[in-house]
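Structural overview for review
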Amino acid sequence: MKKYLKITMAAIALVVITTSCLKDLDVSPIDKNLPTANVVFDSPAAYTQALAKLYSSYAVSGQEGPAGKPDIDGIDEGFSNYLRQYWNAQQLSTDEAVIAWNDATIKDFHWQTWSPNDVFIGALYSRIFFTISISNEFIRNTVGKEEYKQYLAEARFIRALSYWHALDLFGNPSFVTEDDQPGAFFPRQIARAELFNYIESELKAIENDLGNPRFMYGRADKAAAWMLISKLYLNAEVYIGQNKYADAITYLEKVLDAGYTLAPNYSDNFMADNHTSPEMIFAINYDGEYTRSFGGMVYLIHAAIGGTMPAADFGVGGGWGGLRTTKALVQKFYPDVVSGIYSTPRPRNMRTDYPVIYVPGNYQTPEWDPANSNQLASVNSDGNYEGYIWVEAGKEFKFTAGPSWDVNYGDNDFDGTLEPDGANIKPAETGYYKLNVNLNDFTYTMVKTEWGVIGSATAGLWDYDQNMTYNPATGFWTAMLDLTAGEVKFRANDGWDINYGDTGLDGILDAGGDNIVISEAGTYVFEMKLGTPDYTYSIIRSAFDKRAMFYTDGQTLEIVDIGQFTEGYAITKFKNVNKDGSPARFPHPDFVCTDYPMFRLADAYLMYAEAVKRGGGGSESRAVDLVNQIRTRAYGAADGNITGSGLTLDFILDERARELYWEGHRRTDLVRFNKFTTADYLWPWKGNVANGTATGSFRNLYPIPSAEMSVNPNLQQNTGY
């Protein structure tokens, strides 16, 4: 079982937070029937349960899931979930994500128009300090107990992680530790530089007490601490105005040498069994049975599904129609895209009730089984049946009226005339045959076909075909073609006797149908599946880069109205199904088993490359090699690899977007590269302008929430708010 510790929700109901002052450290649960700190830490099992509560504070929002007995009073449990609001602050404020909903001030993230009284910013601040406060309580009750030394180190890591979030997002937040005894007082405000030093010292102090890398999935180990301190150093110029890139390399080299490897497939990191990924360094764990929430991964999967997207493909029961991306991210994969990536519509009007006949034979497995054989369909229900089968030379077949042998037809003289119980039909050559059967006059035709693409968009124009390749295992004809703007059709045998287009652009091929328009030049992947009508196809512009996980059917590239889910490409990155396509361990229509990848190895590779390019030392050849390992996985070959001259800071920023989009890094990255608020980089609706505009540099930090400011006289607001 992947989960690190069994979470007993009522094990540690330590702190109620409505603001960061006065009663913050008053240890009294919302539910008076829940145990308080003086009785929680009364057994070894209690320490384990309490530690689990610290970890779970990122994933869930109360004492029972998905809602009820909230950790924080006065805030909706669903939208105030820690990971959900951290993700919103890090992603919705950037080029990587927009949301369609009108919930309170949610769109202010993308427009960069938030204010100190923003309810979502307030919820995030409260969640951060709830985790810090319960960590303080755990630490206070564990210090000096040698048997819990590793637990103590893990609790200090969790506190350091949340303080890093506060440092990065708010700059100069409130500050409390285990030395501040429970009671009524005003927490002091800590300067950003002092908080930086505190986090650094904490991580160095606990390094040797943490478990070795990968000692138990989901728990903080030495590698997690090395990653966090590397993040601290990589951003040190932002936080404290000092260059710490050499220090970042020192700790990143520990991560690189810790035994982690890239997962074979990029998508393995984002599936329901991503706990098996060999590159996962630290994750926030979820499952559909024990970790239920309306935030975190439940939010990221459900909110990203809408429009024509089939929720079942994502392992859930439905979508919430919220999250998409902007063309700025799409252009990281398709630099010249203007109006959209051409993708055929999913057939939504396919008939499944056409009359059919069956084609059993020894070409199939199991042999001569009508019920499991290919079928021919009568689209007009007029006794004329059509379809395609792949037959190897020497194999035979017949036709049956149903999924049994009661009524069957063969051809005694192989003359195109069918006889009841007639002889088996044996094609002379291996091939893909178009079969037409007329049961009105008991005749049939059999034409061997080879398929190609032709049209003004192809290199051969309307003069000659671009050949397609057939895969008997999948039943698809495929081709990858470089096209110009123009039109295409599919045709057989380099002639016009058998050709297909798409009349009505419904994703279903029509004999002699309309030409299919290709609006922009580019490389396109063609797939055509004939078999039994309806015949279908897809034409998708290829990025070669398998990390480009966009859903485009019914979605526009441009966003005119952020409130419309169908404007902006949808993202298919996270799914609640296993990497082999099987259901999640605990399949559920609402709750998911997919873990959130807080830190993974590919991020460390890119951090190392960036620290090298920023003058931190290290090896540039190693940096290039690490980046190329990521790109080789993405491309499936060395086609996307770069040389040393290609490793620039601008390239690294774009590569971080391609590799890490929607993983909660983007705002921090853009701030570090001085592109979050400036005019150096614009994206759709930045600054609430369609084509983007610069915003005030003070927005590189979020404001201290108004509720905190109003009750704690020790706090000073961040500049600009």
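1. Focus: helix H3 (residues 82-92)
Judged by how many residues are buried, H3 sits mostly within the fold: 11 of 11 residues are covered. Within the sequence span of H3, burial applies to Tyr82, Leu83, Arg84, Gln85, Tyr86, Trp87, Asn88, Ala89, Gln90, Gln91 and Leu92. Residue Asn81 occupies the N-cap position of H3, its side-chain oxygen lying 3.1 Å from the main-chain nitrogen of Leu83.

2. Some remarks on the side chain of Glu154
In this fold, Glu154 is placed in helix H6 (residues 149-170). At a separation of 2.6 Å, a polar atom in the side chain of Glu154 contacts the side chain of Arg219.

3. Some details on the packing of helix H8 (residues 222-234) against helix H10 (residues 245-256)
Close contact between H8 and H10 brings their axes to 8 Å; oriented N to C, the two are set at 160°. With respect to their mutual orientation, H8 and H10 come out roughly antiparallel. Crossing of H8 over H10 shows left-handed handedness. On H10, the residues touching Ala223, Trp226, Met227, Ile229, Ser230, Tyr233 and Leu234 of H8 are Tyr245, Asp247, Ala248, Tyr251, Leu252, Lys254 and Val255. A breakdown of the residues in the contact of H8 with H10 according to their chemical character gives 11 nonpolar, one polar and two charged.

4. Brief notes about the sheet that holds strand S23 (residues 536-541)
Sheet architecture is open: four strands sit in the order S16-S17-S22-S23, paired in antiparallel fashion. Strands at the two margins of the open sheet, each flanked by one partner only, are strand S16 (469-471) and S23. Between one strand axis and the next, the sheet turns through 20° on average, direction left out of account. Here six bridges tie strand S22 (residues 522-529) to S23, and the two strands are oriented antiparallel to one another.

5. Observations regarding the packing of helix H5 (residues 119-140) against H6
The interhelical angle for the contact between H5 and H6, taken along N-to-C directions, is 155°, at an axis separation of 9 Å. As summarised for this structure, H5 and H6 are arranged roughly antiparallel, according to the angle between their axes. Relative to H6, the crossing made by H5 is left-handed. Contacts between H5 and H6 pair Ile121, Leu124, Tyr125, Ile128, Phe129, Thr131, Ile132, Ser135, Asn136, Phe138 and Ile139 from the former with Tyr151, Leu152, Ala155, Arg156, Ile158, Arg159, Ser162, Tyr163, His165, Ala166, Leu169 and Phe170 from the latter. Residues that form the contact of H5 with H6 fall into these classes: 16 nonpolar, five polar and two charged.

6. Considerations on the packing of aromatic side chains
Describing an aromatic ring pair means giving the distance of the ring centres and the angle of the ring planes. Following the criterion strictly, the structure yields 52 aromatic pairs and no others. When the centroid spacing of 6.1 Å and the interplanar angle of 45° are considered together, the rings of Trp368 and Trp405 count as tilted. Taken together, the positions of Trp368 in the loop between strand S6 (356-359) and strand S7 (374-377) and Trp405 in strand S10 (residues 404-410) put the pair 37 residues apart, joining distant regions of the chain. Between Phe490 and Tyr537, the ring centres sit 5.8 Å apart and the planes meet at 65°, which makes this aromatic pair edge-to-face. Highlighted residues: Phe490 in strand S18 (residues 486-492) and Tyr537 in strand S23, separated in sequence by 47 residues. With respect to burial, Phe490 and Tyr537 carry one shared label: buried. Within the aromatic cluster, the residues linked to one another by ring pairs are Phe109, Trp114, Phe120, Tyr125, Phe129, Tyr163, Phe170, Phe175, Tyr198 and Tyr702.

7. Focus: the nonpolar core
Judged by nonpolar contacts, the single largest core of 157 residues is most densely connected at Phe157, Ile199 and Phe282. Ranked by the residues each element gives to this core, the list is headed by H6, at 14 residues. The contacts of Phe282, once residues within four sequence positions are left out, are Tyr55, Phe157, Leu161, Gly218, Arg219, Ala220, Ala224, Tyr596, Pro597, Met598 and Phe599. Of all hydrophobic cores here, the second largest spans 27 residues; its members include Val453, Trp477, Tyr524 and Tyr537.

8. Observations concerning the pattern of salt bridges
Summed over all chains, the structure comprises 40 salt bridges. For the salt bridge of Arg188 with Glu194, the shortest nitrogen-to-oxygen distance reads 2.7 Å. In this structure, Glu520 engages Arg541 in a salt bridge whose closest nitrogen and oxygen atoms are separated by 3.3 Å. One end of the pair, Glu520, is in the loop between strand S21 (516-518) and S22; the other, Arg541, is in strand S23, and 21 residues separate them in sequence. Summarising the burial analysis for this pair, Glu520 and Arg541 share the class buried. Residues participating in the shared-partner salt-bridge network are Glu279, Asp545, Arg547, Lys573, Arg600, Arg631, Arg633, Glu655, Arg658, Glu659 and Glu663.

9. Notes on the pairing of strand S17 (residues 476-483)
Burial along S17 is one-sided: the face carrying Trp477, Ala479, Leu481 and Leu483 is buried and the face carrying Phe476, Thr478, Met480 and Asp482 is not. Across three bridges, S16 lies against S17 in antiparallel orientation. For Tyr470, the partnering residue across the bridge sits in S17 and is Trp477. Where S16 folds back on S17, the antiparallel hairpin that results is connected by four residues, among which Gly475 adopts a positive phi of roughly 80°.

Each value, and the rule that gives it
Residues numbered from 1 in each chain as written. Predicted model: local features only at pLDDT ≥ 70, side-chain atom pairs only at ≥ 80, totals over all residues. Heavy atoms only, no water. Buried < 20%, exposed > 50% of the residue type's maximum accessible area, 1.4 Å probe, protein only. Helix = DSSP H or I, 4+ residues; strand = E, 2+ residues; numbered from the N terminus. Polar contact = N/O pair within 3.5 Å; in protein donor to acceptor, adjacent residues only side chain to side chain. Axes fitted to C-alpha atoms, helices over the stretch in contact; angles between N-to-C directions. Parallel < 35°, antiparallel > 145°, perpendicular 65-115°, else oblique. Left-handed = near helix turned anticlockwise from the far one by under 90°. Contact = heavy atoms within 4.5 Å. Nonpolar A, V, L, I, M, F, W, Y, C, P; charged D, E, K, R; others polar. Pairing = 2+ DSSP bridges. Phe/Tyr/Trp six-rings, centres within 6.5 Å; stacked < 30°, edge-to-face > 60°. Core = buried A, V, L, I, M, F, W, Y, C linked by side-chain atoms within 4.5 Å. Salt bridge = Lys/Arg side-chain N within 4 Å of Asp/Glu carboxyl O.

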